[in-house]
Amino acid sequence: MTSLAFLVPLALLLGAIALAAFLWSLRSGQYDDLDGAAERILLDEENDRISDQSNASDGGKTDRRAAGPGSS
């Protein structure tokens with residue numbers, strides 16, 4: 001019985017801390033952009049960096065990203 005007198009308030013305290021952390025995360029905007037991370041992984045940023053570097057090396061004369069398929 002003594003253990004219940006210790007464990008019940010401890011469980012309530014931990015639940016209150018978890019609830020406070022969840023409410024804090026809601027207020028700070030942690031759940032505002034749920035699709036951003038899922039879409040960000042699909043972007044091919046490495047190829048964009050390579051293309052940006054080649055644009056910088058040729059003085060920006062060509063934009064390889066704007067070129068359509070089959071054009072070289």
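Just so you know, these numbers come straight off a predicted model, no measurement behind them.

Quick notes on the overall build of the chain
Piece 1. For the chain, the helix and strand inventory stands at three helices and zero strands.
Piece 2. When the helices and strands of the chain are placed in sequence order, the string is α-α-α.
Piece 3. Sorting the 72 residues of the chain into buried and exposed places 7% on the buried side.
Piece 4. Carbon and sulfur atoms provide 62% of the accessible area of the chain, an area that totals close to 6,400 Å².

Notes on a nonpolar patch on the surface
Piece 1. A cluster of nonpolar side chains, namely Phe-6, Leu-7, Leu-10, Leu-13, Leu-14 and Ile-17, defines an oily patch on the protein surface of about 590 Å² accessible area.
Piece 2. Mapped onto the fold, Leu-10 is located in helix H1 (residues 2-27).
Piece 3. Exposure remark for Leu-10: the relative accessible area of 34% places this residue in the partly exposed category.

Concerning the packing of aromatic side chains
Piece 1. According to the stated counting rule, one finds one aromatic pair in the structure shown.
Piece 2. Arranged with centres 6.1 Å apart and planes meeting at 50°, the rings of Phe-22 and Tyr-31 form a pair that is tilted.
Piece 3. On the basis of relative accessible area, Phe-22 is assigned to the partly exposed category, the value being 41%.

Re the confidence of the model for the chain
Piece 1. A residue-level look at the chain finds 62% of positions with pLDDT of 70 or above and a mean pLDDT of 79.
Piece 2. Considering each helix and strand of the chain separately, the mean pLDDT is smallest for helix H3 (residues 45-57), with a value of 63, and largest for H1, with 96.

Focus: the side chain of Ser-25
Piece 1. One can find Ser-25 in helix H1.
Piece 2. Setting aside chain neighbours within four positions, we find Ser-25 in contact with Gln-30 and Tyr-31.

Overview of the pattern of salt bridges
Piece 1. Under the criterion given, the structure shown has one salt bridge.
Piece 2. Arg-40 is the partner of Asp-33 in a salt bridge, and the nearest nitrogen-oxygen pair spans 3.9 Å.

Cut-offs applied
- Residues numbered from 1 in each chain as written.
- Predicted model: local features only at pLDDT ≥ 70, side-chain atom pairs only at ≥ 80, totals over all residues.
- Heavy atoms only, no water.
- Helix = DSSP H or I, 4+ residues; strand = E, 2+ residues; numbered from the N terminus.
- Buried < 20%, exposed > 50% of the residue type's maximum accessible area, 1.4 Å probe, protein only.
- Areas by Shrake-Rupley, 256 points an atom, 1.4 Å probe, with all protein chains shown as cover.
- Patch = residues over 30% accessible without salt bridge, like charges linked within 9 Å, V, L, I, M, F, W, Y side chains within 5 Å.
- Salt bridge = Lys/Arg side-chain N within 4 Å of Asp/Glu carboxyl O.
- Phe/Tyr/Trp six-rings, centres within 6.5 Å; stacked < 30°, edge-to-face > 60°.
- pLDDT = per-residue confidence, 0-100.
- Contact = heavy atoms within 4.5 Å.

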